[in-house]
Amino acid sequence: MKKITQIAFAFAFALFLVSCKNTKQKIQEHVSNYNNSVSIKGSGITSTSAKAFLNDNKIEIRIETNLEENDANKLAYKESFPDLLKEMIKNDQISSSLIAEGVKFDVYFLAYNNAILAQEVVDQDELAVLEGTAKAGKETAKL
């Protein structure tokens, strides 16, 4: 009986070690899942993709559109970009658990010619703002 317990414990411990993922592995898994399954709906959105920067603990998300780069579009998306980010957090396209581990999400909303219409780095501070748990006076989603 003692031998069976030791074997079971060794097996459980080995399984535990295999199932533990470090942050870099989680980043790679998140990017792979994002690129294989995510679709973002919205006016003019043509595609989206994520890219991992493992040495920087950063994930870059590009949301490409068929919109023109002009002041009207920049103003419109300056207003609506925080709502898009909130929706992405809600759908785990921007992972709160990875942010808690120190990962930053650099999100770009791009015109058809790859000009930036809106951009935000979502880290722990920005996540708190978007979730409404930040200290008073902090602003979000600047151009």
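Structure: see above.
Residues numbered from 1 in each chain as written. Predicted model: local features only at pLDDT ≥ 70, side-chain atom pairs only at ≥ 80, totals over all residues. Heavy atoms only, no water.

A. Region of interest: the pairing of strand β2 (residues 58-65). As paired elements, strand β1 (residues 45-53) and β2 share eight bridges and run antiparallel to each other. By the bridge assignment, S49 is partnered in β2 with R62. Here β1 folds back onto β2 in antiparallel fashion, the turn holding four residues, of which N57 has a positive phi close to 50 degrees. In terms of strand pairing, β2 meets strand β3 (residues 104-110) through seven bridges, oriented parallel. Each bridged residue has a counterpart across the sheet, and for K58 the counterpart in β3 is K104. (Pairing = 2+ DSSP bridges. Helix = DSSP H or I, 4+ residues; strand = E, 2+ residues; numbered from the N terminus.)

B. The packing of helix α3 (residues 71-90) against helix α5 (residues 124-131), seen in detail. Where α3 meets α5, the closest approach of the two axes is 10 Å, and the angle between their N-to-C directions is 100 degrees. Here α3 lies roughly perpendicular to α5, going by the angle between them. Across from P82, L85, K86 and I89 in α3, the residues of α5 making contact are L127, L130 and E131. The class makeup of the residues in the contact of α3 with α5 is five nonpolar, no polar and two charged. (Axes fitted to C-alpha atoms, helices over the stretch in contact; angles between N-to-C directions. Parallel < 35°, antiparallel > 145°, perpendicular 65-115°, else oblique. Contact = heavy atoms within 4.5 Å. Nonpolar A, V, L, I, M, F, W, Y, C, P; charged D, E, K, R; others polar.)

C. Molecular detail of the pairing of β3. A large share of β3 lies buried, amounting to six of its seven residues. Alignment of β3 against strand β4 (residues 116-122), held across six bridges, turns out to be antiparallel. Paired with F109 across the bridge in β4 is A118. (Buried < 20%, exposed > 50% of the residue type's maximum accessible area, 1.4 Å probe, protein only.)

D. Layout of the sheet that holds β2. Read across the open sheet, the four strands follow the order β1-β2-β3-β4; overall the sheet is mixed. Two strands in the sheet have a free side with no partner beyond their single neighbour: β1 and β4. Across the sheet, the mean angle from the axis of one strand to that of its neighbour is 15 degrees, orientation sign disregarded. Lying over the sheet, helix α2 (residues 23-37) contacts β1, β2 and β3, oriented at roughly 165 degrees with respect to β1. Sheet contacts for α3: β2, β3 and β4; angle to β4, the most-contacted strand, approximately 35 degrees.

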